[in-house]
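Understanding the architecture of this molecule
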Amino acid sequence: MSDISKPSSKTGHLLLRPSVIAGVIALVVTIATGVFAEHQNRIVHHQKETAIVSEQLGMVRAKLEGNVNSNIQLVRGLVSVIAAEPNMDQAQFSKISAGLLGKHSHLRNIAGAPGLVISLMYPVKGNEQAIGLDYRKNEKQRAVALQAVASEQMILAGPIDLVQGGQGLIGRFPVFVENSGGGRYLWGLVSAVIDVDQLYLESGLIEADLPINVAIRGENATGEDGHVFFGDPEIFNDQPVTSLVSLPSGSWQIAAVPAEGWSSTPDNAWQMRFLILLAGLLVILPISIAGYLGDLRQIHIQEINRRQNQLQRLSQRHRLALDTSRIGVWELNLNTSEMSWDSRTKELYGLSDSFEPITMETWSSALHPDDRLQAESAFNDVLAAGSSYNINFRVCAHDGATRWIRSVGAVHDDIGGQRYLVGVNWDVSADVELNARLLAAKHGAELRNNELEEARAQMERNSLHDSLTGLPNRRFLDEKLLHRTTGHQVTALLHIDLDRFKQINDTMGHAAGDAMLSHAASVLSASTRVGDHVARIGGDEFIIATTSPVSEQQLAALAGRIIAKMREPVLYEGHECRFGVSIGIAMADTEETSCGKRLLIDADIALYRAKSNGRNRYEFFNASLKAEIIRTKRVADDILNGLDRNEFIPYFQPQFDAKTLDIVGVEALARWIHPSEGVLAPDAFLTTAGELNVVPLIDRAILEQTLWHSTRWKAAGISIPKMSVNVSAGRLYDDDLIESLNGLAFDRGSLSFELLESIFLDDNNETIVANIAHLKALGIDIEIDDFGTGYASIVSLVQVKPARLKIDRQLIAPVVQSQSQRNLVASIIDIGQSLGIKVVAEGVETMEHAAILRDIGCDTLQGYALARPMTSTELMAFVREERWRKVA
């Protein structure tokens, strides 16, 4: 194939032919001539443009120069008159000046300054302020005036902006008068203002049809060194035509360029290029045509030779392909019925290479009896239709072998008009055998696939069902019911949890627990309607999902039946096992189209409420429960935000010596300064904070602020011997509690942690015991709070050895009316003091309480009778004023 696709070498030969070389040289010469002619044409064009601009500029310059000088000459006449009549008054000055101003000049006003003080003016109107101006005292004009006097020449200044509006040129003429002795003396100055706008207009500088753009520089007649005062300054950078405007005291430089800019392309550029192109064609075409005809003859000769070589190579490859592929070629002349086979075809049929003649009978007799009819029919169809031919058949060769032959052919007409059916044969016995094996393997694979599909279906069912009860599991509930968007939607969910199941499982073993779960599954399945679904979603949790319309009364009745049935004893290995169920029920909103996940959450919330209300009952998820959840979430969000904004602060309630009523300490009580609800006590947020697990964070914040306030008290000279802060159970179980206290500054014995009695001090938890020991080592005392309401024992008091215990207010309140209650409190005080523990009474509401507690030996009093909880600032004022003593 590489030889067939290889490009001919005529391109390479073409590039080296003399005709091509001559054509290239002619082309290069023509291009060079054209470029040179184009360059010369541009030069001539630019010179022509420059001449036109120079001509226009000359006319403008002449007008401008003439107009300026004519105006100056008019004023020179007035100067001559003044030199002759130095005592001229305003009337004479105005009469003469009036003749100078008008349409024949561009003068706007003329001023005379005898003795360098302006006293003569025309016109006076509009120029009153200039009368009386002393050039020798005016800082702005003194230098120019003295320059004119010193040079004894007229000085032309400007253009400058005029106070009256517009711009003007100011010519200052020194006036000298001859005295009787033949000498001269300075009379003063004559100043004349030339209207620049009128000057430009009369000089043709601002004509609309001016074919050039003009710029002028040389302000104050400084020539080409001065600033540009007319036109675009960029004109001087655009290769302009320049000229000088001569002035009595200097010159201006005027520059001009074409209004449309310098043209880089001459008007006759395309005509010139066309002529160059035409001349080039007249030279190149004859050379190219003659060379092309000669080259074409050589190319044709080379192409004929190349195709002959290519045909020879293709013939060799064709023979090689037939020999290597072992394909036999046959041919049938449809006009004469003559058939010819090559040697390979004869070999396939078991014939010798010399076997002749080959006829249709030779082929037909070699066909396998089972395939003869099909093969001959296909062959005849091809002869009748003149179409292509493709068939597999078996032959029984003369050498005794049976082979599968594939025969492919097609009808075609040769150049002489003869019709032929030409085809090829090759042995496909190996392919047929391979196909047979593949079909057998395919059949076996299909059988295995069916088995795998059945196994997969079983695995899928197992993954969607509980192996113990056979009920659908959580995955089934999620995929098939809660998240489906078609078919029947879930209308209600009953979330069922077994009560006392853990006790049965722990005491009687897992086998008993499995038996209870199977019994519960059968009860639930028997209690539901057709179309309802029962699923086990956890250890002892079940779900009933209804997909048909159902009322609240029907759900309540179903839940009641299930609870009653579950109460019945279950016999297991001679033992009666009893357990109950708690049920949470959630109903779908009829307006919602897909609420499965929400329903499960709502049912779970209702189940939680059923458990908290005593178990063995059912609860519906309703609006009030939802509102409570929303409120709890809002409180939770506010707590988290409050921690970020430091809204939790300590309030301090003083503690008093029962005998002397001296302050012996304060208890730091957490308060939440809520942005909208004001000051909130712990009962408003502590439960939610516990669920969020942020009580330790609140404890930490209260502790740090308490220690910070203690430094304020010391700085103010207020003595608070001890500060008590509450510590939650979570903090005591924290392995990092002690490490978190490092860095806090306090005096040993001045800080105590209050532990609730309900923390189970009898529990020998190693972390709690270790933390309490480390707290004492740091100098932090331990106090037992709410003593008498929890589970602490005398043993726990001996083990923990707290510094103080606080008797709960529920025990203190009745001591005024009840002698037995008084005796109980006295006993607690005796126990504490016998163990070396100070006793604090909480909830001292009246002074009568205080007196009784003092008499029965209580050490410390705390309550509203003496002081309420207060802020640090209020505490400082309270201590200074000793308000509690007035109450006592």
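Presented here is a report on the structure given in the accompanying data block. (Residues numbered from 1 in each chain as written. Predicted model: local features only at pLDDT ≥ 70, side-chain atom pairs only at ≥ 80, totals over all residues. Heavy atoms only, no water.)

**Some words on a nonpolar patch on the surface**
To keep things clear, this is the line we draw: Patch membership requires more than 30% relative accessible area and the absence of a salt bridge. Residues of like charge join within 9 Å; the nonpolar side chains Val, Leu, Ile, Met, Phe, Trp and Tyr join within 5 Å. Method for areas: the Shrake-Rupley scheme with a 1.4 Å probe, in which residue coverage is limited to the protein chains shown. What makes a salt bridge here is a side-chain nitrogen of Lys or Arg within 4 Å of a carboxyl oxygen of Asp or Glu, nothing more. Strands are runs of DSSP state E lasting at least 2 residues, helices are runs of H or I lasting at least 4, and numbering of each runs from the N terminus.
Taken together, Leu277, Leu281, Leu285, Ile289, Tyr292 and Leu293 make up a surface patch of nonpolar side chains, about 600 Å² in accessible area. Tracing the chain through its elements places Leu293 in helix α6 (residues 269–325).

**Observations concerning the side chain of Glu754**
Definition in use: Relative accessibility under 20% of the residue-type maximum defines a buried residue, over 50% an exposed one, and the middle range a partly exposed one, all with a 1.4 Å probe and only protein chains included. For this analysis, a polar contact is any N or O atom pair within 3.5 Å, provided that within protein one partner can donate a hydrogen and the other can accept it, and provided that sequence-adjacent residues contribute only side-chain to side-chain pairs. Here, residues are in contact when the closest pair of their heavy atoms is within 4.5 Å.
Note on placement: Glu754 falls in strand β26 (residues 751–756). The buried category is assigned to Glu754, whose relative accessible area is 1%. Polar side-chain contacts of Glu754 include one of 3.0 Å to the side chain of Lys806. Sequence-distant contacts of Glu754, defined by excluding residues within four places in its chain, comprise Gln655, Glu667, Ser724, Val725, Asn726, Val727, Glu783, Asp785 and Lys806.

**Quick notes on the side chain of Asn425**
Structurally, Asn425 can be placed in strand β14 (residues 419–427). Given a relative accessible area of 3%, Asn425 falls into the buried group. One polar contact links Asn425 to Trp330, side chain to side chain, over a distance of 3.1 Å. At 2.9 Å, the side chain of Asn425 and the side chain of Ser407 are in polar contact.

**Points about the sheet that holds strand β2 (residues 120–122)**
The test is simple: Pairing between strands is defined by DSSP: at least two bridges between them are needed. Only C-alpha atoms enter the line fits that serve as axes; for helices the fit covers just the stretch in contact. Angles between N-to-C directions range over 0 to 180 degrees.
Read across the open sheet, the 5 strands follow the order β2-β1-β5-β4-β3; overall the sheet is antiparallel. Of all the strands in the sheet, just β2 and β3 (155–161) have a single pairing partner and so form its edges. Between one strand axis and the next, the sheet turns by 20° as a mean value, whatever way the strands run. Where strand β1 (residues 107–114) lies against β2, 3 bridges are found, and the strand directions are antiparallel. Bridge pairing in β2 links Ile110 to Tyr122. Along the sheet, helix α3 (residues 90–100) contacts β1 and β2; its crossing angle with β2, the most-contacted strand, is approximately 35°.

**Describing α3**
Selection rule: Arc definition: it is the arc formed by the directions from the helix axis to the C-beta atoms.
Taken as a whole, α3 has its buried residues at Phe93, Ser94, Ser97 and Leu100. Here the buried residues of α3 occupy an arc of 110° about the axis, which is enough to place them on one side. Exposed residues on α3 whose side chains face more than 90 degrees from its buried face are Ala91 and Lys95. Within two residues after α3, Gly102 carries a phi angle of roughly 150°, on the positive side.

**Thoughts on the packing of helix α15 (residues 596–612) against helix α16 (residues 623–644)**
Keep this limit in mind: Angular relationships are summarised with four words: roughly parallel below 35 degrees, roughly antiparallel beyond 145, roughly perpendicular across 65 to 115, and oblique for the angles in between.
Across the interface, α15 lies against α16 with an axial gap of 11 Å and an inter-helix angle of 95°. One way to sum up the angle between α15 and α16 is to call them roughly perpendicular. Residue-level contacts link Ile605, Ala606 and Arg609 of α15 to Leu625, Glu628 and Ile629 of α16.

**Topic: the sheet that holds strand β11 (residues 339–341)**
With respect to topology, 5 strands assemble into an open sheet ordered β11-β10-β14-β13-β12, the strand pairing being antiparallel. Each having just a single partner strand, β11 and β12 (389–396) make up the two edges of the open sheet. Within the sheet, the average angular offset between the axes of one strand and its neighbour, ignoring direction, is 25°. Contacting β10 (328–333), β12, β13 (402–413) and β14, helix α9 (residues 369–385) crosses the sheet at an angle of about 150° to β12.

**Structural notes on unusual backbone geometry**
Each neighbour pair has its own omega, and for Tyr122 with Pro123 the value is -10°, a cis peptide bond. Assignment of secondary structure puts Pro123 in the loop between β2 and α4 (142–151). Residues other than glycine seldom take positive phi values, yet Asn646 does so here, at roughly 55°. Of note, Asn646 is situated in the loop between α16 and β22 (648–657).

**Comments concerning the pattern of salt bridges**
Taken as a whole and judged by the stated rule, the model has 39 salt bridges. Of the charged contacts in the structure, one is a salt bridge between Arg394 and Asp370, with a shortest N-O distance of 4.0 Å. Pair noted here: Arg394 is in strand β12 and Asp370 is in helix α9, with a separation of 24 residues, a long-range link. Arg883 is paired through a salt bridge with Glu881; the nearest N and O atoms lie 2.6 Å apart. The class for Arg883 is partly exposed, based on a relative accessible area of 36%. On the accessibility criterion, Glu881 (43% relative accessible area) is partly exposed. Connected via shared salt-bridge partners are Asp497, Asp499, Lys611 and Arg615.

**A short note on the environment of Pro114**
Structurally, Pro114 is set in strand β1. When its relative accessible area of 27% is taken as the criterion, Pro114 is described as partly exposed. For the pair Pro114 and Ile782, spaced 668 residues apart in sequence, the C-alpha separation works out to 112 Å. Those residues in contact with Pro114 that lie beyond four places of it in its chain are Ser119, Trp187 and Gly188.

**Digging into empty space enclosed by the protein**
Where empty space is left in the structure can be found by rolling a water-sized probe over the atoms. Worth spelling out the cut-off: Buried and open spaces are told apart on a 1 Å grid over the protein atoms alone, a cavity being a set of points where a 1.4 Å probe fits but cannot get out and a pocket being an open set with protein on both sides within 12 Å along at least five of seven lines. Residues with an atom within 4 Å of a point are the lining residues. Grid points are joined across faces, edges and corners, and a volume is the space filled by probe spheres set on the points. Polar here means any residue other than Ala, Val, Leu, Ile, Met, Phe, Trp, Tyr, Cys and Pro, which are nonpolar, and Asp, Glu, Lys and Arg, which are charged; Gly is therefore polar.
This structure, assessed with the given rule, holds 4 cavities of 30 Å³ or more. Of the volumes computed, that of the largest cavity is approximately 70 Å³. Of all the elements in the fold, those that place two or more residues in the lining of the largest cavity are β11 and β12. Taken together, the residues of the lining of the largest cavity sort by class into 8 nonpolar, 2 polar and no charged.

**Some words on the packing of aromatic side chains**
Defined as follows: Only Phe, Tyr and Trp rings are paired, with Trp represented by its six-membered ring, and only when their centres lie within 6.5 Å; those with planes under 30 degrees apart are stacked, over 60 edge-to-face, the remainder tilted.
Applying the stated rule across the entire model yields 13 aromatic pairs. On the basis of an interplanar angle of 45° and a centroid distance of 5.4 Å, the ring pair of Phe656 and Trp884 is categorised as tilted. Pair noted here: Phe656 is in strand β22 and Trp884 is in helix α27 (residues 883–887), with a separation of 228 residues, a long-range link. The exposure class of Trp884 is buried, given its relative accessible area of 3%. Among the aromatic residues, ring-to-ring pairing joins Trp330, Trp363, Phe379 and Phe393 into one connected group.

**What about α4?**
At 3.6 residues per turn, the α-helix brings residues three or four places apart onto the same side. When α4 is considered as a whole, its buried residues turn out to be Ala145, Ala148 and Val149. Projected down its long axis, α4 shows its buried positions confined to an angular sector of 100°, all on one face. Exposed residues lying more than 90 degrees from the buried face of α4 are Ala143 and Ala150. Turning to α4, the residues buried within the fold contact β3, β4 (167–178) and β5 (184–195). In the stretch just after α4, Glu152 is the one whose phi turns positive, near 55°.

Everything listed here is a matter of coordinates, which is why it stays silent on function.
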